[in-house]
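# Secondary and tertiary structure notes
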Amino acid sequence: QVQLVESGGGLVQAGGSHRLSCAASGRTFSAYAMGWFRQAPGKEREIVAAITRSGGNTYYARSVKGRFTISRDNAKNTVYLQMNSLKPEDTAVYYCAAKWAGSDYVLSVRLEYDYWGQGTQVTVSS
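Numbering of residues begins from 1 in every chain and follows the order in which that chain's sequence is written. Residues qualify for local features only when their pLDDT is at least 70, as the model is predicted, and side-chain atom pairs are given and counted only at 80 or more; totals for whole chains, interfaces and linings, by contrast, use all residues. Heavy atoms throughout the structure, all of them, feed into the side-chain values; hydrogens and water do not.

Our next topic: the pattern of salt bridges. Salt bridges are defined by distance alone: a side-chain nitrogen of Lys or Arg within 4 Å of a carboxyl oxygen of Asp or Glu. For the coordinates displayed, the defined rule picks out five salt bridges. Linking Glu46 and Arg38 is a salt bridge whose minimum nitrogen-to-oxygen distance equals 2.8 Å. The rule is simple: take the accessible area with a 1.4 Å probe, protein chains only, and divide by the maximum for that residue type; under 20% is buried, over 50% is exposed, in between is partly exposed. Residue Arg38 is classed as buried on the basis of its relative accessible area of 6%. Overlapping salt bridges, with partners in common, bring together Arg38, Glu46, Arg67 and Asp90 in one network.

As structure tokens, this is what we get:
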């Protein structure tokens, strides 16, 4: 089992950059595929980015590709989401998610994940 705690949310101006972190408990973080999701008011929770347990492969939603970067540091039990060129439509609660992975695959579907953080609010002002 793993517990996830997101941090780094806040208010950012459009065009700016911001980085989210997700710290995981446990000694087997490197065995988990990780993902970042977001949920805006009145909308479904959607995938933002995902990364394999090794960090060797990533997935991005079309809406953030080229602007956001997911990465992980298995020695620090942490996954990051670097967000650049932020837009007002990026405003949402951002969630970190994890799933124990038997091999090095990336997961892009919400229902595939077993563990979730509490979320952190990111607000982009125009």
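After that view, the rundown keeps rolling.
We now examine the state of the cysteines. When the sulfur atoms of two cysteines come within 2.5 Å, that pair is taken as a disulfide. In total, this model carries one disulfide according to the counting rule given. Disulfide partner of Cys22: Cys96, at an S-S distance of 2.1 Å. Negative torsions about the S-S bond denote left-handed disulfides, and the value of about -80 degrees found for Cys22 with Cys96 makes this one left-handed. Taken together, the positions of Cys22 in strand β3 (residues 18-24) and Cys96 in strand β9 (residues 92-100) put the pair 74 residues apart, joining distant regions of the chain. Overall, Cys22 belongs to the buried group, its relative accessible area being 0%. The secondary structure listing takes helices from DSSP runs of H or I that are at least 4 residues long and strands from runs of E that are at least 2 residues long, numbered from the N terminus.

Moving on, we get to the pairing of β3. Strands are treated as partners if at least two bridges between them are detected by DSSP. Bridge analysis of strand β1 (residues 4-7) against β3 gives four bridges, and the strand direction is antiparallel. Paired with Leu4 across the bridge in β3 is Ala24. Of the pairings in the sheet, the one linking β3 to strand β8 (residues 78-83) comprises six bridges and is antiparallel in character. Along β8, the bridge assignment pairs Arg19 with Gln82.

Right, let's talk about the environment of Ala61 for a bit. Residue placement: Ala61 occurs in the loop between β6 (58-60) and β7 (68-73). When the C-alpha atoms of Ala61 and Cys22 are compared, they prove to be 19 Å apart, with 39 residues separating the residues in sequence. The residues contacting Ala61, other than those within four sequence positions of it, are Ile47 and Val48. Between two residues, a contact is recorded if the distance between any of their heavy atoms is within 4.5 Å.

Let us look at the sheet that holds β8. Each strand in a sheet pairs with another by means of backbone hydrogen bonds, the pair being arranged parallel or else antiparallel. A sheet is described by the order of its strands in space; here four strands give the open sequence β1-β3-β8-β7, paired in antiparallel fashion. Two strands in the sheet have a free side with no partner beyond their single neighbour: β1 and β7. Here the strands of the sheet are splayed against their neighbours by 15 degrees on average, with no regard to which way each runs. Axis definition: a line fitted to C-alpha atoms, over the contacting stretch in the case of helices. Angles run 0 to 180 degrees between N-to-C directions.

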